[in-house]
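Survey of secondary and tertiary structure
Each chain is listed here by its residues.
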Amino acid sequence: MQGVQEQIAMQGWEFTSNIQAAHHCRILVGWNANKVKLQCIHAESQWLTCEAVSLHTKEAITVTFVYGLNSPAERSHLWNYIRNFKPASTNTLWVVLGDFNAALRPSDRQGGDTRWLKHHEEFRESINNAGIFQPPYTGVHLTWDNEASPAWEPDGAPVSKSSPAWELIRNHFPAKDTHLLIWQKEHIPRHAFILWMAAQGRLRTRDRLSTTTAIPSLLCVLCNQETESHDHLYFRCHYTRAVWKTVNGHAGLTWPSMPWNQLIDWAVIAHNHRRNVNSMIARLILAASVYNVWQERNRRIFSHHFQGRDYLASEIIQGPSASGYQPKSDFVKAERGIGYLRGS
Ligand SMILES: [Zn+2]
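- The name an unreviewed UniProt entry assigns to the chain is Reverse transcriptase zinc-binding domain-containing protein, from the organism Salix brachista.

Printed below as a string of structure tokens:
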């Protein structure tokens, strides 16, 4: 093991592995100790979960590195772990990455056994239950091949074996400058992440899903009236409009009524004042509303659990302070009536 680490390590790197849990090492994690402090909090044969803290920004994330076992029965332990795992804080971003030895959907693979058996659904069910989702990516769709058949190399191009997903989590933004709007100093990571996805039109709304997967209905589950799209979910939907009106009324804010894309463009310009309290509140409310509407949509689809528009609005107004979130500076504490801005 020491020999392997010496061969791949760059200066200042440290390593941890799941060798204690797996008898032989299946997962080896290396990191630059000059930039990140990383601590393993749980290891099993198929996963290694760590808490990583940036030495520069002091931001913490939880990362689960995965290497799924070969049989569906063995992998069911992995799916159970993903279903039931909870990061130490509800505000910590949790990233799950690696080789799951499974595909989320039939279009994620080529060749081999073409049947889509029931056990294939477990991967998707577990990440849906955990409330996590696949980040957007660019580049080739398939990132691995077993070199068994030239059919795995579309258009004769070599298939990249490195995954771009990690790089996309942060620091890659759409052309319009949504950086401050989304990743402001006081941002709540899970809110910011969903807003970032929604701003790019990359949430897996039913209109997008239907282009690759057969789904039973295209209708928005919040109103059951129109096809679910980003524009519907965040502009046209009666449910969202009622929530949005209540939340902004409570905070004393007004927004123009315009399609989703235009609203983001407008907010980038209108709320780009870093230290202006109104702008800060507007940015936090936008992120909290987009996140909570998406969560409500997911709860209805995956858990058949429905919350009314007034209840959801009150959840947004009450904010994550109810679950222990503390804002980082006193600056935003002196504001009006939005729980997560008060920090108490
Ligand atoms: Zn709707």
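From this point, the narrative continues.
**With respect to the overall build of the chain**
- Helix and strand counts for the chain stand at 14 helices and six strands.
- Of all 344 residues assigned to the chain, the portion counted as buried reaches 24%.
- Partitioning the contacts of the chain with sequence separation of at least 6, the portion at a separation of at least 24 is 53%.

**So, the confidence of the model for the chain**
- On average, residues of the chain carry a pLDDT of 79, and 80% of them reach 70 or more.
- The secondary-structure element of the chain with the lowest mean pLDDT is helix H5 (residues 165-169), recorded at 35, while helix H10 (residues 238-251) shows the highest, at 94.
- Every residue in residues 146-175 is under pLDDT 50, and counting partners more than four places away or in other chains gives 36 contacts.
- Ignoring residues within four places in sequence, the model shows residues 322-344, a span with pLDDT below 50, making 45 contacts including any to other chains.

**Considering the sheet that holds strand S6 (residues 93-99)**
- Spatially, S3-S4-S5-S6 is the arrangement adopted by the four strands of the open sheet, whose pairing is mixed. Edge positions in the sheet fall to strand S3 (36-43) and S6, since each of these pairs with one other strand and no more. Direction aside, neighbouring strands of the sheet carry axes that sit 25 degrees apart on average.
- Of the strand pairs in this sheet, strand S5 (residues 60-67) and S6 are connected by seven bridges, and their pairing is parallel.

**What about the environment of Phe193?**
- Take Phe193: it is sitting in helix H7 (residues 189-199).
- The class for Phe193 is buried, based on 20 C-beta atoms found within 10 Å.
- For the pair Phe193 and Ala287, spaced 94 residues apart in sequence, the C-alpha separation works out to 8.7 Å.

**Thoughts on the pairing of strand S4 (residues 47-54)**
- Bridging between S3 and S4 involves seven bridges; their strand directions are antiparallel. Bridge assignment links Ala43 to a residue of S4, and that residue is Leu48.
- A loop of three residues connects S3 with S4, the two strands running antiparallel in sequence.
- Judged from the seven bridges that link them, S4 and S5 form a sheet pairing that is antiparallel. Each residue of the ladder has a partner; that of Thr49, found in S5, is Thr64.

**Focus on the packing of helix H12 (residues 277-303) against helix H13 (residues 309-318)**
- One can describe the packing of H12 onto H13 by two numbers: an axis separation of 10 Å at closest approach and a directional angle of 140 degrees. When the interaxial angle is binned, H12 and H13 end up oblique. When you trace H12 past H13, the crossing you get is right-handed. Contact with H12, carried on its side by Ala288, Ser289, Asn292 and Glu296, involves Leu312, Glu315 and Ile316 of H13 and no other residues of that element.
- Here the contact of H12 with H13 is built from residues that sort into three nonpolar, two polar and two charged.

Rules and cut-offs
The residue numbers shown here count from 1 along each chain, following its written sequence. Where totals are concerned, whole chains, interfaces and linings use all residues; where local detail is concerned, this predicted model gives features only for residues with pLDDT of at least 70, and gives and counts side-chain atom pairs only at 80 or more. Secondary structure is summarised from DSSP: a helix means a run of H or I of at least four residues, a strand means a run of E of at least two, and numbering begins at the N terminus for each. Counts of 20 or more other C-beta atoms within 10 Å of a residue's own C-beta define buried residues, counts of 12 or fewer define exposed ones, and intermediate counts define partly exposed ones; C-beta atoms are placed from the backbone. Contact definition: two residues whose C-beta atoms, as placed from backbone geometry, lie within 7 Å. Each residue carries a pLDDT score, the predictor's confidence in it, ranging from 0 to 100. For two strands to pair, DSSP has to find at least two bridges joining them. The axes are straight lines fitted to the C-alpha atoms, using for helices just the contacting stretch, and the angles between their N-to-C directions are given from 0 to 180°. The scheme is simple: roughly parallel for angles under 35 degrees, roughly antiparallel for over 145, roughly perpendicular for 65 to 115, oblique for anything else. Throughout, a crossing is termed right-handed when the near helix is turned clockwise from the far one, and left-handed when it is turned anticlockwise from it by less than a right angle. For this classification, Asp, Glu, Lys and Arg are treated as charged, while Ala, Val, Leu, Ile, Met, Phe, Trp, Tyr, Cys and Pro are nonpolar and the rest, including Gly, are polar.

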